[in-house]
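# Architecture at a glance
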Amino acid sequence: MSGDIIFEMKGITKVFPGIKALDAVSFSARAGEVHALVGENGAGKSTLMKVLSGVYQAEEGDIFLRGQMVRFQHPLESLAQGVSVIYQEFSLLPDRTVAQNIFLGREPTRSWGLLDTEKMRRETQDVLALFGDRHRFGPETLVSDLDVAQQQMVEIAKALSLNAQVIVMDEPTAALNDTECDLLFQLVDDLRGQGRSIVYITHRMREIRRLADRVTVVKDGKVAAAFDHVPETGQIVEAMVGRDIGHFYPEPATPEEIGDAVLTVRGGGNDRLFDIDLELRAGQITGFAGVQGAGRTALALALFGAEPFETGTVTVDGKSVALTSPRNAAGAGIAMLPGDRKAEGLMLMQSVRDNGMISARAFSGTLGAPDKTPITTLDQMDALFDAFDLRAANYEVEIQSLSGGNQQKAIVARWLSLAPKVLIFVEPTRGIDVNTKAGIYAQMRKLAQQGAAVMAISSDLPEVLGISDRVLVMSDGKIVAEFGYGASETEVMHAATEAHLELEAS
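Scope of this entry: the structure provided in the associated data block. (Residues numbered from 1 in each chain as written. Predicted model: local features only at pLDDT ≥ 70, side-chain atom pairs only at ≥ 80, totals over all residues. Heavy atoms only, no water.)

We now examine the packing of aromatic side chains. Under the criterion given, the structure shown has five aromatic pairs. A centroid spacing of 6.0 Å and a plane angle of 40° characterise the contact between Phe7 and Phe27, whose relative ring orientation is tilted. Separated by 20 residues along the polypeptide, Phe7 in strand β1 (residues 5-16) and Phe27 in strand β2 (residues 19-30) bring together distant segments of the chain. Judged on exposure class, the residue Phe7 and its partner Phe27 are both buried. (Phe/Tyr/Trp six-rings, centres within 6.5 Å; stacked < 30°, edge-to-face > 60°. Helix = DSSP H or I, 4+ residues; strand = E, 2+ residues; numbered from the N terminus. Buried < 20%, exposed > 50% of the residue type's maximum accessible area, 1.4 Å probe, protein only.)

Okay, structure coming up:
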């Protein structure tokens, strides 16, 4: 049960040159509650939290912390008052220990200014004890040896070591798998139970339903809706986009729209995949479901030649192909959009245009190129960007300045320059707002309608079921079940978990 108001922001207005980022926004959080803050990319969510934490100072409005007016001029001031922000991109030093990261910049000392490593270790252990037995690492563990979920625990531990009563989590599950997400949810429940205020920024509706006590929607720098409960998803989405977006997912393909097999695998295997028999058909979106480690991403990497099949045969348009490298795969007409677009799909400090032209330039005038490369000039690429409604000040700006949705559009456009026959989408909408998600789904359907075979892998099961004409379930490196359009989450997950348990038992 939530209690007294811990902080309240009233009439916050923040102006940057040429834009009013926040316009008289009011927002609050109570002790022992999770308040979800949602909105499209650029709506003002992160700006509002940066005002709260002292990164920005508002031109108008007031902030009250435990009933007292405060004006933070620097993040250190808000930290000292118990306000901590955990950003999507962690601020950890990988080559230092957990304890060194938690106490970075405020290391305890003994006489003569000597570092008190024992006190630092002891207090770190006390903070980690708040996680029970979930952390599975100690004060002396190097951060570089931790997985993403454990690194997030370190960020939370830093906040707890400062006795933070307000913890802001900005897209905390963006890089987590299903198991890691469940662990985070348990930690959020624990923090709520300790009476702390959690501001939870996310684009994922299932996380809002799982965690939130209240929901506030911001749009164009204003509060579009404030709910003292968790409303239906449709109400949240409509408030976010300012209109009823109708069917969130496109209509499935009709039998007449589904063509012949474009890609066929028979007996495919490597050290992570076993006896893969697969057909991807023109005009059809095939989704892949399964528990973490089931083999979905391994299959995508094998089809893209990054972790090749060691056994079996692969054909594309009836011709045998050797997918021994991404270049060979691209030359055969297979494209893959990676799950981590920043780390694996983009040259962040290069222009939008240069990122779009990577594939076309790589195959320009070379052997092994795809049958046709429709995009060969900058003007043609610009026209493709325009057709995708890719929004940027111009196409010469660095691509890192674009929103996640526009970065994703640029990667899709890049691959379309090679007219691929098979498109593999891994986590196609990770970190993308609801309205842009609908646009990505529509684009995937359009590509299928134009004759491509589309493969979709996502950790969001409702997304897989919503966009797919059929769903293949994987477990322990094998395809174990197939469902048509309209399958339920329950039956798909039952197939995935039952197969996993049977394999474990054998």
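Having seen the model, we can carry on.
We now examine the side chain of Glu207. Tracing the backbone shows Glu207 in helix α7 (residues 205-211). The exposure class of Glu207 is buried, given its relative accessible area of 0%. At a separation of 2.8 Å, a polar atom in the side chain of Glu207 contacts the side chain of Tyr200. (Polar contact = N/O pair within 3.5 Å; in protein donor to acceptor, adjacent residues only side chain to side chain.)

Right, let's get into helix α16 (residues 434-449). Here α16 is 16 residues long and its end C-alpha atoms lie 23 Å apart, about the 22 Å a rise of 1.5 Å per residue gives. Of all the residues in α16, the buried ones are Val434, Thr436, Lys437, Ala438, Ile440, Tyr441, Gln443, Met444, Arg445, Leu447 and Ala448. Trailing α16 by a residue or two, Gly451 shows a phi angle of about 110°, which is positive. (Expected span 1.5 Å × (residues − 1).)

Here the focus is the sheet that holds strand β5 (residues 68-70). Strand-to-strand pairing in sheets goes through backbone hydrogen bonds, with the strands running parallel or antiparallel. Read across the open sheet, the four strands follow the order β2-β1-β4-β5; overall the sheet is antiparallel. The sheet is open, and its two borders are formed by β2 and β5, each paired with just one other strand. In this sheet, neighbouring strand axes are inclined to one another by 25° on average, regardless of whether the strands run parallel or antiparallel. Pairing analysis gives five bridges linking β1 to strand β4 (residues 60-65), with the strands arranged antiparallel. Note that in β4 the partner of Thr13 across the bridge is Glu60. Here helix α1 (residues 45-53) sits on the sheet and contacts β1, β2 and β4; the angle it forms with β1, its principal contact strand, is near 115°. (Pairing = 2+ DSSP bridges. Axes fitted to C-alpha atoms, helices over the stretch in contact; angles between N-to-C directions. Contact = heavy atoms within 4.5 Å.)

What follows is about the pattern of salt bridges. Summed over the entire model, instances satisfying the criterion amount to 23 salt bridges. The salt bridge involving Arg214 is made with Glu33; its shortest N-O contact spans 2.7 Å. Taken as a pair, Arg214 in strand β9 (residues 214-219) and Glu33 in the loop between β2 and β3 (34-38) lie far apart in primary sequence, 181 residues in all. With respect to class, Arg214 is no different from Glu33; both count as buried. For Arg204, the salt bridge identified is with Glu207, shortest N-O distance 3.6 Å. The exposure class of Arg204 is buried, given its relative accessible area of 9%. What you see here is one network of salt bridges that share partners, running through Asp189, Arg192, Arg210 and Asp213. (Salt bridge = Lys/Arg side-chain N within 4 Å of Asp/Glu carboxyl O.)

Taken across its five residues, strand β17 (residues 422-426) has five buried, putting it largely inside the fold. By the alternation rule, side chains of β17 split into Val422, Ile424 and Val426 and Leu423 and Phe425, which are all buried. When strand β16 (residues 334-337) meets β17, the two strands line up parallel, connected through four bridges. In the sheet register, Ile334 faces β17, and the bridge partner there is Val422. Handedness of the crossover joining β17 and strand β18 (residues 453-457) through α16: right-handed. (Right-handed = clockwise from strand over helix to strand, strands pointing away.)

The next subject is the packing of helix α15 (residues 404-416) against α16. Where α15 meets α16, the axes come as close as 10 Å, and the angle between the chain directions of the two elements is 15°. By the angle between their axes, α15 is roughly parallel relative to α16. Crossing handedness for the pair α15 and α16: left-handed. The residues of α16 that touch α15, namely those facing Gly405, Gln408, Lys409, Val412 and Leu416, are Thr436, Ile440 and Leu447. By residue class, the composition of the contact of α15 with α16 is four nonpolar, three polar and one charged. (Parallel < 35°, antiparallel > 145°, perpendicular 65-115°, else oblique. Left-handed = near helix turned anticlockwise from the far one by under 90°. Nonpolar A, V, L, I, M, F, W, Y, C, P; charged D, E, K, R; others polar.)

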